[in-house]
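Results of the structural survey
One-letter residues, chain by chain:
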Amino acid sequence: MNETTRSVPRLLRMPEVLARVPIKKPTLYRAIRAGKFPRPCKLLGGRGSAWDEREISAYIEARLRERGE
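Position numbers for residues count from 1 along each chain, tracking the sequence in the order it is written. Predicted model: local features are reported for residues with pLDDT of at least 70 only, side-chain atom pairs are reported and counted for 80 or more only, and whole-chain, interface and lining totals are derived from all residues. No hydrogens and no water enter the side-chain calculation; it runs on all heavy atoms of the structure.

**Section: the packing of aromatic side chains**
What counts is decided by this rule: Here a Phe, Tyr or Trp ring, Trp counted by its six-membered ring, pairs with any other such ring whose centre lies within 6.5 Å, and the pair is stacked when the planes are under 30 degrees apart, edge-to-face when over 60, and tilted otherwise. Numbered from the N terminus, helices here are DSSP runs of H or I no shorter than four residues, and strands are runs of E no shorter than two. Residue exposure (1.4 Å probe, protein chains only): buried if accessible area is under 20% of the type maximum, exposed if over 50%, otherwise partly exposed. Charges are assigned to positions over rings by a cutoff of 6 Å between ring centre and Lys NZ or Arg CZ, combined with an angular limit of 35 degrees from the ring normal.
In total, this model carries one aromatic pair according to the counting rule given. Ring centres of Phe37 and Tyr59 lie 4.6 Å apart, and the angle between their planes is 65°; on these two criteria the pair is classed as edge-to-face. Of this pair, Phe37 sits in the loop between α3 (25-33) and β2 (41-42) while Tyr59 sits in helix α4 (residues 53-66), and the two are 22 residues apart along the sequence. Among the residues examined, Tyr59 registers a relative accessible area of 17% and is labelled buried. The positively charged end of Arg63 is found above the aromatic ring belonging to Tyr59, 4.5 Å away from the centroid.

The structure is reproduced here in structure tokens:
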């Protein structure tokens, strides 16, 4: 694997995000609107969305730090 391949972020679709952050879709969208959850990026064609895996991991780590883990 070369350096370019390693630096490309992995994009997660909605089912993967909901599997990692066990909340319902409406709660997820409310958190996005409130600025409390990372915003997705639009995929080619403009109809699909995905989240940067690093941002989702950082969100989870921040929640764990808040509770003192």
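So, next bit.
**So, the nonpolar core**
Quick reminder of the rule: Buried residues of nine kinds, namely Ala, Val, Leu, Ile, Met, Phe, Trp, Tyr and Cys, make up a nonpolar core once their side-chain atoms join them within 4.5 Å. Contacts were defined at the residue level, with two residues in contact if any of their heavy atoms lie within 4.5 Å.
Ranked by size, the top nonpolar core spans eleven residues in total: Leu12, Met14, Val17, Val21, Leu28, Ala31, Ile32, Phe37, Trp51, Ile56 and Tyr59. Secondary structure elements with two or more residues in this core: α2 (14-20), α3 and α4. When residues in this core are grouped by element, the largest group, three residues, is from α3. Excluding its chain neighbours within four sequence positions, the residues that come into contact with Ala31 are Lys36 and Phe37.

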